[in-house]
Amino acid sequence: MATKKLLYHFNRAPYGTVFYTEGWRAAVGATAGIDEHEVTILLQGEGIYYSLKGADRAENLGYEATLKKAGVKYYVVKEDLDARGISNDEVAKDMNLIPRADTWKLYHEADFNLDW
């Protein structure tokens with residue numbers, strides 16, 4: 001199988017479920033192996049809370065380190081921060097802000113979209 005572009009879309013709050021841990025683990029799996037798929041992470045809706053500097057990301061630090069080595073980029077929808085009164089300064093430095101209008105490109109370029 002050829003390398004595919006995968007968009008991992010996190011739209012749920014990053015607490016109270018296993019979606020985040022399982023989603024990050026799945027993303028790591030997609031970057032490994034023979035095909036080494038190209039992965040992008042998009043945090044949108046309630047998922048933006050994971051991008052905050054004070055967020056508890058301890059469970060996923062190992063996954064994040066592996067994804068960073070694989071060149072995975074993390075995007076956060078700016079309008080979803082604004083709608084919740086969260087300033088850009090509250091977002092962790094490893095996150096990239098993206099206008100909602102530009103998310104269509106991420107969806108369009110991806111061979112597969114995976115919601116978590």
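Up top is the structure these notes are about.
Summarised in this report is the structure supplied together with it.

Calculation criteria
- Residues numbered from 1 in each chain as written.
- Predicted model: local features only at pLDDT ≥ 70, side-chain atom pairs only at ≥ 80, totals over all residues.
- Heavy atoms only, no water.
- Salt bridge = Lys/Arg side-chain N within 4 Å of Asp/Glu carboxyl O.
- Helix = DSSP H or I, 4+ residues; strand = E, 2+ residues; numbered from the N terminus.
- Buried < 20%, exposed > 50% of the residue type's maximum accessible area, 1.4 Å probe, protein only.
- Pairing = 2+ DSSP bridges.
- Right-handed = clockwise from strand over helix to strand, strands pointing away.
- Axes fitted to C-alpha atoms, helices over the stretch in contact; angles between N-to-C directions.
- Contact = heavy atoms within 4.5 Å.

1. Examining the pattern of salt bridges
Pairs may arise between side chains of opposite charge once their charged atoms sit close together.
Then, number 1: Tallied over the entire structure, the rule returns 7 salt bridges.
Then, number 2: As a salt-bridge pair, Arg-25 and Glu-22 come within 2.4 Å of each other at their nearest N and O atoms. Residue Arg-25 and its partner Glu-22 are located together in helix α1 (residues 19-31), separated by 3 residues, close to a single helical turn.
Then, number 3: Overlapping salt bridges, with partners in common, bring together Arg-57, Glu-64 and Asp-94 in one network.

2. Topic: the pairing of strand β1 (residues 5-10)
Then, number 1: The buried fraction of β1 is high, at 5 of 6 residues.
Then, number 2: Direction of pairing for β1 relative to strand β2 (residues 38-43): parallel, over a ladder of 6 bridges. Each residue of the ladder has a partner; that of Leu-7, found in β2, is Thr-40.
Then, number 3: Between β1 and its parallel partner β2, the chain crosses via α1, and the hand of that crossover is right-handed.
Then, number 4: In terms of strand pairing, β1 meets strand β5 (residues 112-115) through 4 bridges, oriented parallel.

3. Notes on the sheet that holds β5
Then, number 1: Overall, parallel pairing links the 5 strands, which are arranged β4-β3-β2-β1-β5 in an open sheet. Each edge of the sheet is formed by a strand with only one pairing partner; in this case those strands are β4 (95-98) and β5. Between one strand axis and the next, the sheet turns by 30 degrees as a mean value, whatever way the strands run.
Then, number 2: Across the sheet, α1 lies against β1, β2 and β3 (73-77), angled at about 170 degrees from β1, the strand it touches most.

4. So, the pairing of β2
Then, number 1: Taking burial as the measure, the 6 residues of β2 include 5 buried ones, the bulk of the element.
Then, number 2: Inspection of the sheet shows β2 paired to β3 by 4 bridges, in the parallel sense. Bridge pairing in β3 places Leu-42 opposite Tyr-75.
Then, number 3: Traced from β2 through helix α2 (residues 61-69) to β3, the parallel crossover comes out right-handed.

On their own, these measurements won't tell you what the molecule is for.
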